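Each chain is listed here by its residues.
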Amino acid sequence: MASNADLLIHRLLVIDDNPRIHEDYRKILGGRAQAGVSSAEAALFGEQPTSEGPTFDVDSAMQGREGVERARRALDEGRPYSVAFVDMRMPPGWDGLETIEQLWKIDPEVQVVVCSAYTDYDWLELLARLGHSDKLIVIKKPFEPIEILQSASALSRKWQNARALRHHIETLERAVTDRTRGLEAANRQLRHLASHDSLTGLPNRLLLDDRVAQAIAQANRQGHEFALLVVDLDRFKLINDSLGHRAGDDLLREVAQRLKGAVRAVDTTARLGGDEFVILVDGPATHAEAMGIGERAIEAMRPALRLLGIDVHISPSIGIAFYPRDGVTVDALLARADAAMYSAKEHGRNNVQCYAEGMSTATQDRVRLESELHEALRNGQFELHYQPKVDTSTGRVNSAEALIRWRHPRRGLIPPKNFIAVAEECGLLDTIGEWVLRQACREAKSWQQEGLRPMRVAVNLAPSQFRLTNLVDQIRHALEAAQLDPQYLEVELTESAVMSDAEESIVILESISRMGVLVSVDDFGTGYSSMSYLRRFPIDKLKIDRCFVEEMTRRPEDASIVRAIISLAHSLHLKVIAEGVETPEQLALLTELGCDQYQGFYFSPALLPPQFVDLVRKSGARGQSLTEEEAAQTHSKLAGL
């Protein structure tokens, strides 16, 4: 079978001033000698003879100008000629040489056969003037039909192959161009990803460093100042842990947009990671301008953000450092601004502080403390002290509250107020809380094994720990590991932690109560409890906050609050314990008001386990155990479960 190229209809143009010559061309190229040319091609090129070959469509022009015009129209119509047969002498118009020159100006791809009896130019002159030897063949008149057929066939195929090659090259070039554009787009995207935060789209540390370096160079040239603001979100970890990382990501994206809206177009807002952002206030920037941007950032955070159906409020703590007075390098400026930010947190959060001498030392101490906290957890430097809880009517020690202390190898005994906040910010509080739970259960069981009457031990749960999905399993595993009866464990939760999501709290508290563990609400009266929820909570005790106990003997208003809390608790079948009792007058008033238990320095501070055991034994309580009512796991609605 013939190939597709063989079966194409090739358009030929004959330019000659002799009408009879045109007739000869048509006779030769009209198909009557096809078999002959096929045999000739086979002899020349080694191909198998075939009855099929290319078909030619022949157009005629009597003069060169006419032929060139035909070529122009054919090209415009998208049907160009593959081969042109051109006579050299065509008076009175253009000769063959000029015709070919004009023809190639119109269509430089057309193949040309000079077919003439006489010519005024030799081959070298033709080449010198035309310059396309690869597209030019000379045939002498009178010609043989086979010469015309072979020329038409070979040159048409050559023209077709050249077109196919050009098309292929153009396709490749388009593919290369498209691929190049794709690679350029990918490179742009990679450069953007390398210099921008993937979550918020803000510049990252790499791009921030570059822009700060440019700001430094410009400030040095022009002799002005610029400011760097470090923005840290307050209590972001609590939101992230409570609502999940996806909600946390949504919050960070919203914060990024709000911060961008609070700064000028020339300023840079970047995210360093986590919940820490940086604002570069381009110079010249005064103290008032930098403070103004900080205040606008705080104001931008005031509207609530709705996450998972909850209106979440977020606030920033912001620190400012100025170039060159606070630092002359990127790292120095960030360190000073970071120190100012921690100062803002220490001043109550949600405020702006400018760097001042001494702040860096405090920040370095905080970083060092965070590192040492990790070491303390690994090396077992924490210990529990126990403060007795005493029955107000009998004076007997009924239970104890486990309070953590840090036995630092160089700093000595560190109280929780000096490290709990740092532990929460660096993500160690939940791990420390789990250790406290397990240790308290172990020591409560060991007291029983030493012959001390069974006593209940109370453990404080941090708000973040209370929201852990595996909290109930943590409590169960701690009890099982120590082989402690659940009735001898009590968990204490702050009022605000319980009320942060009351419906979820009910589910968690019910699970804890079903195990037989008692539940107390700590610091009652300082939060925002709803009475409707309070009666639904499966809780057993309310602890009156020490702020009411301290002043109740001198302030009738505080005494009235204490009386109301006790009355409310008893009406809900809950026991009441007062904390922070330090004087006999306070104890006498609590007894008069009907408070069930108390704890405080008046009876005893928190003691190490051996000292606590000695205190209980000296109180004459050996061999006595909890009464049936005291051992009851709960007064809540789950008592029968």
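Reading the values: the criteria
Residue positions within a chain follow its written sequence, with the count starting from 1. Owing to the predicted nature of the model, reporting of local features is limited to residues with pLDDT of at least 70; listing and counting of side-chain atom pairs is limited to 80 or more, with chain, interface and lining totals taken over all residues. By convention in this description, side-chain values take in all heavy atoms of the structure and omit both hydrogens and water. Two strands qualify as a pair provided DSSP detects at least 2 bridges between them. Numbering of helices and strands runs from the N terminus, with a helix taken as a DSSP run of H or I at least four residues long and a strand as a DSSP run of E at least two residues long. The angle between two axes is taken between their N-to-C directions and runs from 0 to 180 degrees, where each axis is a line fitted to C-alpha atoms and a helix contributes only its stretch in contact. In this analysis, two residues are considered to be in contact whenever any of their non-hydrogen atoms come within 4.5 Å of each other. An expected span of 1.5 Å times one less than the residue number is assigned to each helix. Each residue's exposure class comes from its accessible area (1.4 Å probe, protein chains only) as a fraction of the maximum for that residue type: buried when under 20%, exposed when over 50%, partly exposed otherwise. Two aromatic rings, drawn from Phe, Tyr or Trp (for Trp, its six-membered ring), form a pair once their centres lie within 6.5 Å of each other, and the interplanar angle then sorts them: stacked below 30 degrees, edge-to-face above 60, tilted otherwise. The rule is simple: put a 1 Å grid over the protein atoms alone, call a set of points where a 1.4 Å probe fits but cannot get out a cavity, call an open set with protein on both sides within 12 Å along at least five of seven lines a pocket, and count a residue as lining if it has an atom within 4 Å of a point. Grid points are joined across faces, edges and corners, and a volume is the space filled by probe spheres set on the points. Following the grouping adopted for this structure description, the nonpolar residues are Ala, Val, Leu, Ile, Met, Phe, Trp, Tyr, Cys and Pro, the charged ones are Asp, Glu, Lys and Arg, and the polar ones are all others, Gly among them. Here, the term right-handed applies to a crossover whose path from the first strand over the helix to the second runs clockwise when the strands point away from the viewer. We define the nonpolar core as a collection of buried residues of types Ala, Val, Leu, Ile, Met, Phe, Trp, Tyr and Cys that are connected through side-chain atoms lying within 4.5 Å of one another. This arc describes the spread of directions from the helix axis toward the C-beta atoms.

**A look at the sheet that holds strand β8 (residues 276-281)**
Within a beta sheet, neighbouring strands are joined by backbone hydrogen bonds and run either parallel or antiparallel to one another. Here five strands make up an open sheet; going across it, the order is β7-β8-β6-β11-β12 and the pairing mixed. Edge strands, defined here as strands with exactly one partner in the open sheet, are β7 (268-273) and β12 (352-354). Pairwise comparison of adjacent strand axes, ignoring direction, gives a mean angle of 20° for this sheet. Across five bridges, the pairing between β7 and β8 is antiparallel. By the bridge assignment for β8, T269 is matched with I279. Contacts from helix α12 (residues 330-346) reach β6 (226-233), β7, β8, β11 (316-323) and β12, with the element oriented near 145° to β11.

**A look at helix α19 (residues 502-514)**
In this model α19 runs 18 Å from its N-terminal to its C-terminal C-alpha over 13 residues, within 8% of the 18 Å that 1.5 Å per residue would give. For α19, the complete set of buried residues consists of A502, S505, I506, I508, L509, I512 and S513. Among the residues trailing α19, G516 stands out with phi positive, at a value near 100°.

**Looking at the packing of aromatic side chains**
For any two aromatic rings, the description comes down to two numbers: the centre-to-centre distance and the angle of the planes. Across all of its chains, the model carries 10 aromatic pairs by this definition. Between F382 and W435, the ring centres sit 6.2 Å apart and the planes meet at 50°, which makes this aromatic pair tilted. Remark: W435 occurs in helix α15 (residues 429-449) and F382 occurs in strand β13 (residues 382-391); sequence separation between them is 53 residues. These aromatic residues form a ring-pair network of at least three members: F382, W406, F419 and W435.

**Re the layout of surface pockets**
Size it by volume and the largest pocket reaches roughly 1100 Å³. Looking at the lining of the largest pocket, the elements with two or more residues in it are β13, β14 (397-408), α14 (420-425), α15, α16 (463-466), β17 (489-494) and β18 (518-524). For the lining of the largest pocket, the element with the highest residue contribution is β14, accounting for five residues. Of the residues that constitute the lining of the largest pocket, the class distribution is 17 nonpolar, nine polar and 10 charged. As for the second largest pocket, its lining consists of 28 residues, of which L238, I239, S242, V312 and S500 are closest to the centre. Broken down by secondary-structure element, the contributors of at least two residues to the lining of the second largest pocket are α9 (236-243), β10 (310-312), α16 and α18 (495-499). When residues in the lining of the second largest pocket are grouped by element, the largest group, four residues, is from α9.

**Some details on the pairing of β11**
Judged by how many residues are buried, β11 sits mostly within the fold: eight of eight residues are covered. Direction of pairing for β11 relative to β12: parallel, over a ladder of three bridges. Across the sheet, G319 pairs through a bridge with Q353, a residue of β12. Handedness of the crossover joining β11 and β12 through α12: left-handed.

**Some thoughts on the environment of R211**
Relative to the elements of secondary structure, R211 occurs in helix α8 (residues 205-222). Taking C-alpha positions, R211 is 9.7 Å from V330, a pair spaced 119 residues apart along the chain. Residue contacts for R211: discarding those within four places in its chain leaves P203, T268 and L280.

**As for the nonpolar core**
Buried together is how nonpolar side chains tend to be arranged in soluble globular proteins. Membership of the largest hydrophobic core comes to 83 residues, with the highest contact counts inside it found for Y386, I475, L489, I512, F537, I539 and F612. It is α15 that provides the largest number of residues to this core, a total of eight residues. Excluding its chain neighbours within four sequence positions, the residues that come into contact with I475 are L437, L489, V491, I512, M515 and V517. Counting residues in each nonpolar core, the second largest holds 34 residues, with F236, A247, A297 and I314 among its members.

**Focus on the sheet that holds strand β4 (residues 111-116)**
If you trace the five strands from one edge of the open sheet to the other, you get β2-β1-β3-β4-β5, paired in parallel fashion. Edge positions in the open sheet fall to β2 (55-61) and β5 (136-140), since each of these has one partner strand only. Each strand of the sheet is rotated relative to its neighbour by a mean of 20°, with strand direction disregarded. Sheet topology places strand β3 (residues 83-86) next to β4; four bridges connect them, and they run parallel. Among the inter-strand pairings, V83 is bridged to a residue of β4, identified as Q111.

**Some words on helix α22 (residues 556-571)**
Between its first and last C-alpha atoms α22 spans 22 Å; for 16 residues at 1.5 Å apiece the expected length is 22 Å, and the two agree. Looking at α22, one finds that the buried residues are D558, A559, V562, I565, I566 and A569. Down the axis of α22, the smallest arc covering the buried residues is 120°, so these residues share one side. Here the buried face of α22 lies against β18, β19 (541-544), α21 (546-551), β20 (575-579) and α23 (584-593). One or two steps after α22, the chain reaches H573, where phi turns positive at roughly 60°.

**Let's talk about unusual backbone geometry**
The step from P91 to P92 runs through a cis peptide bond, and the omega angle for that step is 10°. You can see P92 is positioned in the loop between β3 and α5 (96-106). Residues Y323 and P324 are joined by a peptide bond in cis, for which omega reads 5°. With respect to the helices and strands, the residue P324 is situated in the loop between β11 and α12. We note that Q483 has phi near 55°; this positive angle belongs to a residue other than glycine.

**Structural notes on the side chain of Q387**
You can see Q387 is positioned in strand β13. You can call Q387 buried: its relative accessible area is 8%.

Interpretation in functional terms is not warranted from these geometric data alone.
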